[in-house]
Amino acid sequence: MAISTVNPTTGVTEQVFEAHSTEEVERRIAHADEAVKILRGTSYAQRAEWMKATAQLLEAEAEELGRLITLEMGKPIAQSVAEVRKSAASMHFYAENAEKFLADTPLEDPSVVGASKAWTTYQPLGAVLAVMPWNYPIWQVIRFAAPALMAGNTGLLKHASNVPQSAIYLDTLFERGGFPAGSFRTLLIGGGAVAPVIADPRVKAVTLTGSEPAGRSVASIAADHVKKSLLELGGSDPFVVMDSANVPAAAATAVRARISNNGQSCIAGKRFIVHTDIYDEFAAEFARLMGELVVGDPMDPATQVGPLATADGRDELAGLVDDAVALGAQVLVGGSAPQGEGYFYLPTVIAGLNDEMRLVQEEAFGPVASLYRVRDREEALQVANQTAFGLSSALWTNDAAEEQWFLERLEAGAVFINGMTVSNQELPFGGIKRSGFGRELAAEGIREFCNLKTVWKA
Ligand code: NDP
């Protein structure tokens, strides 16, 4: 894919960028490696001061940067600006909490290991490569970079090829906030040029958010070089609604869970699994609300659903729906791409699914909701867990015993009860099964790219 900004609302190529040469990539890796030595000599207090100054830049530039996000990937403008503000808040959070999260832990009774004193201490690894996607072009990067830099690591960003202007903005952001030059550098390269960067001895670890094929490739190259990797891949999250649930509230939340970010979120509710006793009520309300959404220009504040980020993404989504319909599924609302320019797809609810359909197994990365009718909790669980993914899940019930039963059995990295999944800086984030491994955010996230050193003293 060319490194370019293509406005998904119009399909017009706005700007094309030349990829960095091998020499330029080498220069930037060297820069990040030199900065490791400088950052290591700084205190948490110093890094926190720089991080807060960087957050203030983001806050001040939120409106302008929001417009850039919407231009490059098409999410509604209010969501773009909110993404920038959330990123800034997360920088403050890590500025304030990094030292606490990475504090030394003493062994209570060192005599049991024959020591006068024993403890563990967290130390930075060095330069870490982040391979990042376009769906949250600022937040996905900041949720890696804020903890990484606070821990004393430096960051190298290989951003998705369709958000180069966001990548260029991020290249200078931390230096503008006061961090030593080289603390964070963007590499303008395609996916095919990532392997030698992972292999480079100055690069100590890699994190990737994106698709399963990209994750498999990056993690296997890292494994070849015995380097740590963290993968945050796709999801096909279940949204289970049981008969004790508040149905109107569940339906309204289901809409937000499905269409936020134009439906292109790994943690979106994608499969809506509904108890038969309330199925008809839920389906009617859900389809009504999905059908009423305002689809259009994402720069217009009234728009609730904008275009998909790329033509390929739109075609892939349409292919999943068409395949299901050809095999007998029923479209309750939507089910097609509207006429006209841009990569739009109508908010869709589809039911009557069976295992022959690709939609049942694959991730629908856009505003398409799959609806399943189930007779009891056993069947609900079976449908919820039948996917190869295991990122997050949502459960709607007012029965405490049922809640406990599900949360012990749902195969996912998280369960959100009577709500929808969102990422919070205070809570760990990550998946199991083919959704990846490792955790981002909270204390667990900052520790992923640290050496937990054990110290024993006679
Ligand atoms: P990709 O996984 O292809 O892109 C994500 C990032 O990985 C980009 O920076 C991309 O670079 C890079 N990349 C791709 N292939 C490789 C590779 N072999 N080696 C190294 N880096 C690589 O996602 P797509 O944009 O193609 O989206 C496809 C699907 O992935 C979506 O439909 C969705 O299912 C899933 N996805 C999940 C996301 C999540 O949040 N978990 C986010 C985005 C996508 P480049 O752009 O240059 O190819």
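Residues numbered from 1 in each chain as written. Predicted model: local features only at pLDDT ≥ 70, side-chain atom pairs only at ≥ 80, totals over all residues. Heavy atoms only, no water.

The chain is annotated in an unreviewed UniProt entry as Succinate-semialdehyde dehydrogenase from Glutamicibacter ardleyensis. As its UniProt record puts it under Sequence similarities (unreviewed entry), the chain is described as follows: "Belongs to the aldehyde dehydrogenase family." (UniProt positions renumbered as here; feature names shortened; annotations may be inferred.)

**Student:** Just checking my understanding: could you explain the site of the ligand for this structure?
**Tutor:** Lining the immediate environment of the ligand, one finds 24 residues, of which M132, W134, S161, S211 and E363 sit closest. Note that an oxygen atom of the ligand is positioned 3.4 Å from one of the backbone N or O atoms of A160. Calculation on the ligand without its partners gives an accessible area of 860 Å², and the protein chains cover 79% of this total. Here the ligand is seated within the largest pocket. No other element matches helix α8 (residues 212-224), which puts 3 residues into the shell around the ligand. Grouping the amino acids of the shell around the ligand by side-chain chemistry returns 11 nonpolar, 10 polar and 3 charged. (Near = heavy atom within 4 Å. Polar contact = N/O pair within 3.5 Å; in protein donor to acceptor, adjacent residues only side chain to side chain. Areas by Shrake-Rupley, 256 points an atom, 1.4 Å probe, with all protein chains shown as cover. 1 Å grid on protein atoms, 1.4 Å probe; cavity = no way out; pocket = protein on both sides within 12 Å on 5 of 7 lines; lining within 4 Å. Sits in = over half its atoms within 2 Å of the grid points. Helix = DSSP H or I, 4+ residues; strand = E, 2+ residues; numbered from the N terminus. Nonpolar A, V, L, I, M, F, W, Y, C, P; charged D, E, K, R; others polar.)

**Student:** Would you explain the UniProt feature "domain: Aldehyde dehydrogenase" (unreviewed entry) in the chain in this entry?
**Tutor:** In this numbering, the UniProt entry assigns the feature "domain: Aldehyde dehydrogenase" (unreviewed entry) to residues 3-455. This span, residues 3-455, is 42% helix and 19% strand, and a straight line between its end C-alpha atoms measures 47 Å.

**Student:** Would you mind going over the sheet that holds strand β16 (residues 394-396) with me for this structure?
**Tutor:** Each strand in a sheet pairs with another by means of backbone hydrogen bonds, the pair being arranged parallel or else antiparallel. The mixed open sheet is built from 7 strands, whose spatial order is β12-β13-β14-β11-β10-β16-β17. A single partner strand is all that each edge strand has here, and the edge strands are β12 (330-333) and β17 (416-417). Across 5 bridges, strand β10 (residues 237-241) lies against strand β11 (residues 269-275) in parallel orientation. If you follow V241 over to β11, its bridge partner there is V274. The sheet strands contacting helix α10 (residues 276-292) are β10, β11, β12, β13 (348-351) and β14 (368-374), and the helix crosses β14 at an angle near 165°. Along the sheet, helix α11 (residues 311-326) makes contact with β12, β13 and β14, crossing β13 at roughly 30°. (Pairing = 2+ DSSP bridges. Contact = heavy atoms within 4.5 Å. Axes fitted to C-alpha atoms, helices over the stretch in contact; angles between N-to-C directions.)

**Student:** Even after reading the chapter, I still don't get empty space enclosed by the protein, so can you show me in this structure?
**Tutor:** Sizing a probe to match a water molecule and rolling it over the atoms shows the empty space that remains. A full pass over the atoms with the stated rule returns 4 cavities of 30 Å³ or more. Counted as a void, the largest cavity has a volume near 100 Å³. Secondary structure elements with two or more residues in the lining of the largest cavity: α5 (139-151) and α15 (442-447). In terms of residues, the lining of the largest cavity owes the most to one element, α5, which gives 4 residues. When grouped by side-chain class, the residues that make up the lining of the largest cavity number 7 nonpolar, 3 polar and 4 charged. Lining the second largest cavity are 16 residues; nearest its centre among them are P238, A384, F389, S392 and E411. For the lining of the second largest cavity, the secondary structure elements donating two or more residues are β10, α13 (377-385) and β15 (389-390). The class makeup of the residues in the lining of the second largest cavity is 6 nonpolar, 6 polar and 4 charged. (Points joined across faces, edges and corners; volume = space filled by probe spheres on them.)

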